[in-house]
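Structural characterization, general
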Amino acid sequence: METMYDRALPLMGEKGIANIKNSRVALFGVGGVGGHAAEALVRGGVGALTLIDGDVFTPSNLNRQRFAVLSSLGRNKALAAADAVADMNAETEITAVPEFFKAGDAFDFSAYDYIVDAVDDLAAKEEIIVRSHAAGVPLICACGAGNKLDPTRFRVADVFDTKVCPLARALRKICRAHGINSLKVVYSEEEPLKTSSAPASVSFVPGVMGMIMAGCVLRDLADCQ
């Protein structure tokens, strides 16, 4: 009988697919980067996915955010994304937390096998980094995808090996302040373009970062190269 895992099985192996299906992943931020990561994680077969985001979809999100459609405008991003991905894989347990994550929130990081940080707020990123590290849970962080036009310039690296990216520089400072000596990030080596408005973004950049992040998570969970 045909299953949704048939095409991935030759690449991931039976043990890898089983590891993914038994995994629990928390994704913070379900926007331009996080939305595409969420889809890839669910289609990849994660056993449970928790989506955390307090924002709502607005018209300016339509050009790049995976779950921003006309019918979702005004809806909470975590709730809308949860409804959408639930229709992609009946086996994945989906939980939506329609709130912005902040310091002091009662969120059990130790309950997860992997944490994905796709938020924009630096204070929230710091809290996610510190608490993931304290819980000993693998974490991957998104660096800046705004004001970029070349999706081929994304790289996966330790934050201490990055260059060019201003957000990566801020994350290095956070890590040093908390005695954290390693942090996996996805960043761009493209110099950010200067704009006169809020960070600009296009349809073909943030999603690539989200897919790269999801790929790292799924390969790590499957324990394959």
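A brief report on the enclosed structure follows. These numbers were taken from a predicted model, which means no experiment stands behind them. (Residues numbered from 1 in each chain as written. Predicted model: local features only at pLDDT ≥ 70, side-chain atom pairs only at ≥ 80, totals over all residues. Heavy atoms only, no water.)

1. Brief notes about the overall build of the protein chain
Worth spelling out the cut-off: Per the convention used, a helix needs a DSSP run of H or I reaching at least four residues, while a strand needs a run of E reaching at least two, with both numbered from the N terminus. What the globule rule says is 2.2 Å times the number of residues to the power 0.38, and the radius of gyration is computed from C-alpha atoms. For this analysis, residues touch if any pair of their heavy atoms sits within 4.5 Å. Surface exposure here means Shrake-Rupley accessible area, sampled with a 1.4 Å probe, where a residue is shielded only by the protein chains that are shown. The charge count includes Lys and Arg as positive and Asp and Glu as negative, but it does not include His or the ends of the chains. Each charge is placed at NZ for Lys, CZ for Arg, CG for Asp and CD for Glu.
Broken down by element type, the protein chain carries six helices and seven strands. Against the compact-globule benchmark of 17 Å for 225 residues, the protein chain has a radius of gyration of 17 Å, which places it among compact chains. Of the contacts formed within the protein chain by residues at least 6 apart in sequence, a portion of 72% connects residues at least 24 apart. When the accessible area of the protein chain is evaluated, it comes to approximately 10,900 Å², of which 53% is carbon and sulfur surface. For the protein chain, the distance from the average site of its 23 positive side-chain charges to the average site of its 27 negative ones is 6 Å.

2. A look at the packing of helix α1 (residues 9–21) against helix α6 (residues 206–222)
Using the following cut-off: Axes, fitted as lines to C-alpha atoms, cover a helix only where it is in contact. Angles between the N-to-C directions of the axes lie from 0 to 180 degrees. When describing relative orientation, an angle under 35 degrees is termed roughly parallel and one over 145 degrees roughly antiparallel, while 65 to 115 degrees is termed roughly perpendicular and anything else oblique.
Where α1 meets α6, the closest approach of the two axes is 7 Å, and the angle between their N-to-C directions is 110°. Relative to α6, α1 is oriented roughly perpendicular. Where α1 abuts α6, its residues M12, G16, N19 and I20 lie against L218, L221 and A222.

3. Notes on the packing of aromatic side chains
Using the following cut-off: Note on ring pairs: Phe, Tyr and Trp rings are taken, using the six-membered ring of Trp, and paired if centres are within 6.5 Å. Classes follow the plane angle, with under 30 degrees stacked, over 60 edge-to-face and the rest tilted. Each residue's exposure class comes from its accessible area (1.4 Å probe, protein chains only) as a fraction of the maximum for that residue type: buried when under 20%, exposed when over 50%, partly exposed otherwise.
Across all of its chains, the model carries seven aromatic pairs by this definition. Considering the side-chain rings of F28 and F109, the 5.7 Å spacing of their centres and the 10° angle between planes classify their relative orientation as stacked. Taken together, the positions of F28 in strand β1 (residues 24–28) and F109 in the loop between β3 (93–97) and β4 (114–117) put the pair 81 residues apart, joining distant regions of the chain. Taken together, a centroid distance of 5.8 Å and an interplanar angle of 70° make the contact between F101 and F109 edge-to-face. Judged on exposure class, the residue F101 and its partner F109 are both buried. Counting every residue linked through ring pairs, the aromatic cluster contains F28, F101, F107, F109 and Y112.

4. Overview of the sheet that holds β3
By way of backbone hydrogen bonds, the strands of a sheet pair with one another, either parallel or antiparallel. Keep this limit in mind: Only strands that DSSP links by at least two bridges are regarded as paired with each other.
As summarised here, the arrangement of the seven strands in space is β3-β2-β1-β4-β5-β7-β6, forming an open sheet in which the pairing is mixed. With one partner strand each, in any of the chains shown, β3 and β6 (154–158) form the two edges of the open sheet. Neighbouring strand axes in the sheet, compared pairwise and without regard to direction, differ in orientation by 20° on average. Relative to strand β7 (residues 184–188), β6 runs antiparallel, the two being bridged by five bridges. Its bridge partner lying in β7, R155 is registered against Y187. Those strands touched by helix α3 (residues 77–86) are β2 (48–52) and β3, and its axis lies near 170° from that of β3.

5. Some words on the environment of F107
In this fold, F107 is placed in the loop between β3 and β4. Owing to a relative accessible area of 15%, F107 belongs among the buried residues under this scheme. The spacing of F107 and R131 is 24 residues in sequence and 9.4 Å in space, taken between C-alpha atoms. Not counting residues up to four positions away in its chain, the partners in contact with F107 are A26, F28, T50, I52, F101, Y112 and R131.

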